[in-house]
Structure formats: structure tokens, C-alpha cells
Amino acid sequence: GAVVSQHPSWVICKSGTSVKIECRSLDFQATTMFWYRQFPKQSLMLMATSNEGSKATYEQGVEKDKFLINHASLTLSTLTVTSAHPEDSSFYICSASKGSADHSYEQYFGPGTRLTVT
Amino acid sequence: AQSVAQPEDQVNVAEGNPLTVKCTYSVSGNPYLFWYVQYPNRGLQFLLKYITGDNLVKGSYGFEAEFNKSQTSFHLKKPSALVSDSALYFCAVRGVNAGGTSYGKLTFGQGTILTVHP
């Protein structure tokens, strides 16, 4: 149980276009979903936390107008990278939690999405 | 503020030998501690966690970790390393109060690359 999927697993897009990444909890309801960004050989950087039906909370330094997060249901959150540029190329990982962000519930991680912007 | 330190960027060990990947932490309240493993271009896979109870925690794939409160450490260990254990390992911590409410988000260490030589 507690499986999280991401789609697509990899995507290549041209500079200036927008890309949507989906994160789904397959066998549980995710009250909270988290979006991370990871650069090569580096740790995960939390970008934002989203709760179903409410606006996402972005970490300091993350542009909310560039990285649009929607958590429309208890099993789906989407991250849209708008007007992508080569510097947005990265590995994006989502995770999902059964509880609220304030409580110590485990996070279940998706397999990640490799975004390359040309 | 929470923090996690993995003092070794890389650990090299011969197959069949014991391995240790070090982790120390700093949190407010009680620590909830996690180890994850990441293979190239993949998401994080959960290995084990310490919430409460026995200080020695056993996890997936023969890994174990020992919680040491006085040294604020949570080192990952395996008695006999396999070549297939070669990957990137992350330690993570979350501080929790007595009521189970988190003091902050899940904080990751910078990761340790484990290489097991045949």
C-alpha cells in the first residue's frame, strides 16, 4: 500500500512552453502533497506543500507564478512549470501524506519526473 | 531550526563487508527519523524509520539503524554489503512535540553516495 505515481516519468520541452506533471496517490487519500526539486547529486529541495482544495504554500524563493500547483482531489496534485527555461531543467519529485502537513505522518514518494528544457 | 548532517559525501566498501552511513541531526522536540535510498533517475525508496521504542530499527533489504539520543545520531548499517546496495542514501528528520504535531517540515541531509565494490 501507499503507492505514489508520477506522470510523465520524463519530458523534454522547448523553452517558453509550459509543462504539467501529475502526482497521484494510487491506494490512499492524500491530505497533503509535497513537491520537491532535486539537482544532480544534491539533496531534495522542498518547493511547496499543498492541501486538497486549498492554495499551496510555497517555500521562500520559489516563484508561485512560475510553478503552479493544483491539488484538486485527495488523489491528484499537479505541478505546472510555466514558460519553462533551461534553468528549470531538473528532477521533480512529489510525495504524499495521509495527514496534514503539521502532523508527523509519513510521506510516500513518487518515482520522479525528469524535465529537460531545450 | 531542524538540520541533518551526513558527514560523508561518499562511502566505499567491499562486498561482504559491513557498511555504515552516518547521520546526525538537530531538532526541537522528539525526532522522527527516516532513511531513504535513491537509485539513478528514480524517486526515493523508504528503508526504515525511528518513531519511538527500540533504539535499533530494522528495515528493508537487511538495513538497520541505531537511534542514539545522547549523540543525536541515526547511523545506517548493514552487516554484509552487496554491490546492488550501491546508491544515494538520504537521512531525514522531523521534530515532533508530545502531541504529535510537527515543528517543521521533513528535512533531508545532503546525501551519501554508497559504492560497494565487488
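Just so we're clear, the structure is a prediction, and the values are computed from it rather than from any experiment.

Points about the overall build of chain A
Here's step 1: Check the secondary structure of chain A and you find zero helices and 11 strands.
Here's step 2: Helices (α) and strands (β) of chain A occur, in sequence order from the N terminus, as β-β-β-β-β-β-β-β-β-β-β.
Here's step 3: The globule rule puts the C-alpha radius of gyration for 118 residues at 13 Å, and the 13 Å found for chain A is close to it.
Here's step 4: Considered along the principal axes of its C-alpha atoms, chain A spans approximately 40 × 25 × 25 Å.
Here's step 5: Per-residue burial over chain A gives 52% buried out of 118 residues.
Here's step 6: Long-range contacts, defined here as pairs at least 24 residues apart, represent 56% of the contacts in chain A between residues at least 6 apart.
Here's step 7: For chain A, the accessible area works out to roughly 5,600 Å², and carbon and sulfur atoms hold 51% of it.
Here's step 8: Separation between the mean location of the 10 positive side-chain charges and that of the 10 negative ones in chain A comes to 7 Å.

What to know about the state of the cysteines
Here's step 1: Tallied over the full model, the rule gives two disulfides over all chains.
Here's step 2: The closest cysteine sulfur to the non-disulfide-bonded Cys-13 of chain A is located on Cys-94 of chain A, 18 Å from its own sulfur.

Observations concerning the pattern of salt bridges
Residue and element names in this part refer to chain A.
Here's step 1: Evaluated as defined, the whole model comprises six salt bridges over all chains.
Here's step 2: Arg-24 is the partner of Glu-22 in a salt bridge, and the nearest nitrogen-oxygen pair spans 3.5 Å.
Here's step 3: Between Asp-88 and Lys-66 there is a salt bridge; the shortest N-O distance is 2.9 Å. Placement of the pair is Asp-88 in the loop between strand E8 (76-81) and strand E9 (90-97) and Lys-66 in the loop between strand E6 (57-58) and strand E7 (67-73), with a sequence separation of 22 residues. Residue Asp-88 shares its accessibility class with Lys-66, and that shared class is buried.

A closer look at the side chain of Ser-77 of chain A
All names here are of chain A.
Here's step 1: With respect to the helices and strands, Ser-77 occurs in strand E8.
Here's step 2: Under the relative-accessibility criterion, Ser-77 is labelled buried at 0%.
Here's step 3: Only 3.3 Å separates the side chain of Ser-77 from the backbone oxygen of Asn-70, close enough to count as a polar contact.
Here's step 4: Among residues more than four places away in sequence, those in contact with Ser-77 are Ile-21, Glu-22, Cys-23, Met-33, Trp-35, Ser-50, Ile-69, Asn-70 and His-71.

A word on the pairing of strand E10 (residues 87-96) of chain B
Residue and element names in this part refer to chain B.
Here's step 1: Burial analysis of E10 places 10 of its 10 residues in the buried class, the great majority of the element.
Here's step 2: In this structure, strand E5 (residues 30-38) lies alongside E10, joined through nine bridges in antiparallel fashion. Paired with Gln-38 across the strands is Leu-88, a residue of E10.
Here's step 3: Bridge count between E10 and strand E12 (residues 112-117): three bridges; the pairing is antiparallel.

Considering the sheet that holds E8 of chain A
All names here are of chain A.
Here's step 1: Strand order across the open sheet formed by four strands is E1-E3-E8-E7, with antiparallel pairing between neighbours. The outermost strands of the open sheet, each flanked by one partner alone, are strand E1 (4-7) and E7. Averaged over all pairs of adjacent strands, the angle between their axes in this sheet comes to 15°, without regard to strand direction.
Here's step 2: When strand E3 (residues 19-25) meets E8, the two strands line up antiparallel, connected through six bridges. In the sheet register, Lys-20 faces E8, and the bridge partner there is Thr-80.

Side note on the interface of chain A and chain B
Here's step 1: Counting residues at the interface gives 21 residues for chain A, matched by 22 residues for chain B.
Here's step 2: Here chain A packs against chain B, burying approximately 1,700 Å² in sum over the two surfaces, 52% of which is carbon and sulfur.
Here's step 3: Along the contact surface separating chain A from chain B lie two salt bridges.
Here's step 4: Taking the shortest distance from any N to any O, the salt bridge between Glu-59 of chain A and Lys-105 of chain B comes out at 3.1 Å.
Here's step 5: For the pair chain A and chain B, the number of links is five residue pairs in polar contact (both at pLDDT 80 or more).
Here's step 6: Within the residue set of the side of chain A that touches chain B, elements represented by two or more residues are strand E4 (32-38), strand E5 (44-51), E9 and strand E10 (107-109) of chain A.
Here's step 7: For the side of chain A that touches chain B, a count of residues per class yields nine nonpolar, eight polar and four charged.

Thoughts on the packing of aromatic side chains
Here's step 1: All chains considered together, the criterion is met by 14 aromatic pairs over all chains.
Here's step 2: Considering the side-chain rings of Phe-34 of chain B and Tyr-36 of chain B, the 6.2 Å spacing of their centres and the 20° angle between planes classify their relative orientation as stacked.
Here's step 3: Judged by its relative accessible area of 1%, Tyr-36 of chain B falls in the buried class.
Here's step 4: When the ring of Phe-90 of chain B is compared with that of Phe-108 of chain B, the centres are 6.3 Å apart and the planes differ by 85°; the resulting orientation is edge-to-face. Remark: Phe-108 of chain B occurs in strand E11 (residues 107-108) and Phe-90 of chain B occurs in strand E10; sequence separation between them is 18 residues.
Here's step 5: We classify Phe-90 of chain B as buried; its relative accessible area is 0%.
Here's step 6: Clustering of aromatic rings is evident, with ring pairs tying together Tyr-36 and Phe-109 of chain A together with Phe-34, Tyr-36, Phe-46, Phe-90 and Phe-108 of chain B.
Here's step 7: A cation sits over an aromatic face here: Lys-98 of chain A above Phe-28 of chain A, 5.7 Å from the ring centre.

Conventions and cut-offs
Residues numbered from 1 in each chain as written. Chains lettered and ligands numbered in written order. Predicted model: local features only at pLDDT ≥ 70, side-chain atom pairs only at ≥ 80, totals over all residues. Heavy atoms only, no water. Helix = DSSP H or I, 4+ residues; strand = E, 2+ residues; numbered from the N terminus. Rg over C-alpha atoms; globule rule 2.2 N^0.38 Å. Buried < 20%, exposed > 50% of the residue type's maximum accessible area, 1.4 Å probe, protein only. Contact = heavy atoms within 4.5 Å. Areas by Shrake-Rupley, 256 points an atom, 1.4 Å probe, with all protein chains shown as cover. Lys, Arg positive; Asp, Glu negative; His and termini not counted. Charge placed at Lys NZ, Arg CZ, Asp CG, Glu CD. Disulfide = S-S within 2.5 Å. Salt bridge = Lys/Arg side-chain N within 4 Å of Asp/Glu carboxyl O. Polar contact = N/O pair within 3.5 Å; in protein donor to acceptor, adjacent residues only side chain to side chain. Pairing = 2+ DSSP bridges. Axes fitted to C-alpha atoms, helices over the stretch in contact; angles between N-to-C directions. Buried area = accessible area lost by both parts, 1.4 Å probe. Nonpolar A, V, L, I, M, F, W, Y, C, P; charged D, E, K, R; others polar. Phe/Tyr/Trp six-rings, centres within 6.5 Å; stacked < 30°, edge-to-face > 60°. Lys NZ or Arg CZ within 6 Å of the ring centre and 35° of its normal.

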